[in-house]
Amino acid sequence: MFSGFPLFPEQASSFAADVDNLYFFLLAITAFFSTLIAGLVIYFAIRYRRRSEVELPEPITGSTKLETLWTVIPAIIVMVIFSWGAKVFLSLHRAPSDATPIYVVGKQWMWKLQHLEGQREINELHVPVGRSVKLIMSSEDVIHSFYIPAFRVKADVLPGRYTSIWFRAIKPGEYHLFCAEYCGTKHSGMIGKVVAMEPTAYETWLAGGPRDQSMTARGQSLFQNFSCNTCHRSDGQGRGPVLEGIFGKTIALQTGQKVIVDDNYLRESILAPASKVLAGYQPVMPAFQGLVNEEALAQLLAYIKSLAPQAATLPASTPMTPAPESERQKSKP
Ligand code: CUA
């Protein structure tokens, strides 16, 4: 529907149709009631007009029937809108566990993107058609908003924490990418494109270009450069917790509180480790706030997430596949 209409973006992702159907439903309801009310106002104005100077209206004292009707009908309509909206919203914010993560950093005034395989892009995002992609996003400065109209996805990109959205492109093509949150003088120039490619073409694209190290490998070098490995030892003898297999787990803190180890928890634990210390450990880790930038942080996360529980017995360079993303990692503001 509306595909030829120039103001209406293409439906290029798996839930574009769902979003549009809800939108058209809201539009139809609004149009119906606006017409009904406007029509009745005009009709009643004519039908019940004052016909003579002495005419007095008959007083109405109330009607339970009418009041029930105009309470129940809108309540039903609103509940339909709510449950339908909640369903679409949840499907938009709950990435499938097999979604490929891509890290996004917003910065005045550009988008920086990093694929697990190591490719890095600026203001351009290449994605395969038919595969779920999960964006893990943060900002280096102010609030931005990542918006791909053709995919019907938009989410604020915030400094200091991760937000995430996911999509599955269904149509090869080039689509607009916008920053949808005013972020300074060149906000309007913070645009780019998303290139959805057939899987084979995407593989070719991934293989071409500069041979960059994978994010996991970069993360591993950082992990060693920062000497994280001296305390976070896989044999459990270090001063810090074992990181193998920790991602996605529920852990107990010193305070007794339970938290899920997701992207945001790992982020906080690297930048400000003393804020949520695992039970049984001392807050001895130095804070890395200001020492790692957003891109390096994403690489460290990719590395930590790749550490499978049995990795202790393998050579350190083997695990390259990321651990399954936790379903519970939802950080929508
Ligand atoms: Cu970034 Cu507007």
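Residues numbered from 1 in each chain as written. Predicted model: local features only at pLDDT ≥ 70, side-chain atom pairs only at ≥ 80, totals over all residues. Heavy atoms only, no water.

Draft legend 1. Expanded view of helix 2 (residues 64–93). With 30 residues, helix 2 should cover 44 Å at 1.5 Å per step; its first-to-last C-alpha distance of 43 Å lies within 8% of that length. Taken as a whole, helix 2 has its buried residues at Ile77, Val88, Leu92 and His93. In this fold, the buried residues of helix 2 make contact with helix 1 (16–47) and strand 8 (163–168). (Helix = DSSP H or I, 4+ residues; strand = E, 2+ residues; numbered from the N terminus. Expected span 1.5 Å × (residues − 1). Buried < 20%, exposed > 50% of the residue type's maximum accessible area, 1.4 Å probe, protein only. Contact = heavy atoms within 4.5 Å.)

Draft legend 2. Representation of the sheet that holds strand 9 (residues 173–179). Taken in spatial order, the 5 strands line up as 4-10-9-6-7 in an open sheet, and their pairing is mixed. Since the sheet does not close on itself, it has two edges, and those belong to strand 4 (124–128) and strand 7 (153–157), each with one partner. Taken over all neighbouring pairs, the strand axes of this sheet differ in orientation by 20 degrees on average, direction set aside. Of the strand pairs in this sheet, strand 6 (residues 144–148) and strand 7 are connected by 5 bridges, and their pairing is antiparallel. Bridging across to strand 7, His144 finds its partner in Val157. (Pairing = 2+ DSSP bridges. Axes fitted to C-alpha atoms, helices over the stretch in contact; angles between N-to-C directions.)

Draft legend 3. Highlighting the nonpolar core. Counting residues in each nonpolar core, the largest one holds 35 residues, and the members touching the most others are Trp111, Leu125, Leu135, Phe146, Ile148, Phe151 and Phe167. Taken domain by domain, the makeup of this core includes at least three residues from each of domain 1 (16–50 + 61–93) and domain 2 (100–207). Formed by 31 residues, the second largest nonpolar core is a distinct cluster that contains Tyr162, Met215, Cys228 and Leu297. (Core = buried A, V, L, I, M, F, W, Y, C linked by side-chain atoms within 4.5 Å. Domains from an automatic or database assignment.)

Draft legend 4. Broad picture of the packing of aromatic side chains. Scanning the model with the defined rule gives 12 aromatic pairs in all. Ring centres of Tyr147 and Phe178 lie 6.4 Å apart, and the angle between their planes is 45 degrees; on these two criteria the pair is classed as tilted. Note that Tyr147 is positioned in strand 6 and Phe178 in strand 9, a separation of 31 residues in sequence. Put simply, the rings of Tyr43, Phe44 and Tyr48 pair up and form one aromatic cluster. The aromatic ring of Tyr147 is capped on one face by Lys154, whose charged end is 5.0 Å from the ring centroid. When the ring centre of Tyr162 is taken as reference, the NZ or CZ atom of Arg267 above it lies at 4.7 Å. (Phe/Tyr/Trp six-rings, centres within 6.5 Å; stacked < 30°, edge-to-face > 60°. Lys NZ or Arg CZ within 6 Å of the ring centre and 35° of its normal.)

Draft legend 5. Structural context of the state of the cysteines. For the coordinates displayed, the defined rule picks out 0 disulfides. No disulfide involves Cys231; its sulfur sits 8.8 Å from the nearest other cysteine sulfur, which is in Cys228. Exposure remark for Cys231: the relative accessible area of 22% places this residue in the partly exposed category. (Disulfide = S-S within 2.5 Å.)

Draft legend 6. Highlighting the sheet that holds strand 1 (residues 100–107). An order of 3-2-1-5-8 is seen for the 5 strands of this open sheet, with the pairing classed as mixed. This sheet does not close on itself; its edge strands, each paired only once, are strand 3 (120–122) and strand 8. Averaged over all pairs of adjacent strands, the angle between strand axes in this sheet comes to 25 degrees, irrespective of strand direction. As paired strands, strand 5 (residues 132–139) and strand 8 are joined by 6 bridges and run antiparallel to one another. Across the sheet, residue Leu135 finds its bridge partner in strand 8, namely Ile165.

Draft legend 7. View of the pattern of salt bridges. Enumeration over the complete set of coordinates arrives at 10 salt bridges. Measuring nitrogen to oxygen at the nearest pair gives 2.7 Å for the salt bridge that ties Arg152 to Asp20. With a gap of 132 residues between them, Arg152 in the loop between strand 6 and strand 7 and Asp20 in helix 1 connect regions that are remote in the sequence. Summarising the burial analysis for this pair, Arg152 and Asp20 share the class buried. Lys276 serves as the salt-bridge partner of Glu268, at 3.1 Å between the closest nitrogen and oxygen. The partly exposed category is assigned to Lys276, whose relative accessible area is 30%. (Salt bridge = Lys/Arg side-chain N within 4 Å of Asp/Glu carboxyl O.)

Draft legend 8. Inspection of the pairing of strand 2 (residues 110–115) at higher detail. Burial analysis of strand 2 places 5 of its 6 residues in the buried class, the great majority of the element. Here strand 2 pairs with strand 3 via 3 bridges, running antiparallel. Of the residues in strand 3, the one forming a bridge with Lys112 is Ile122. Hairpin remark: strand 2 followed by strand 3, antiparallel, with 4 residues in the connecting loop; positive phi at Gly118, about 115 degrees.

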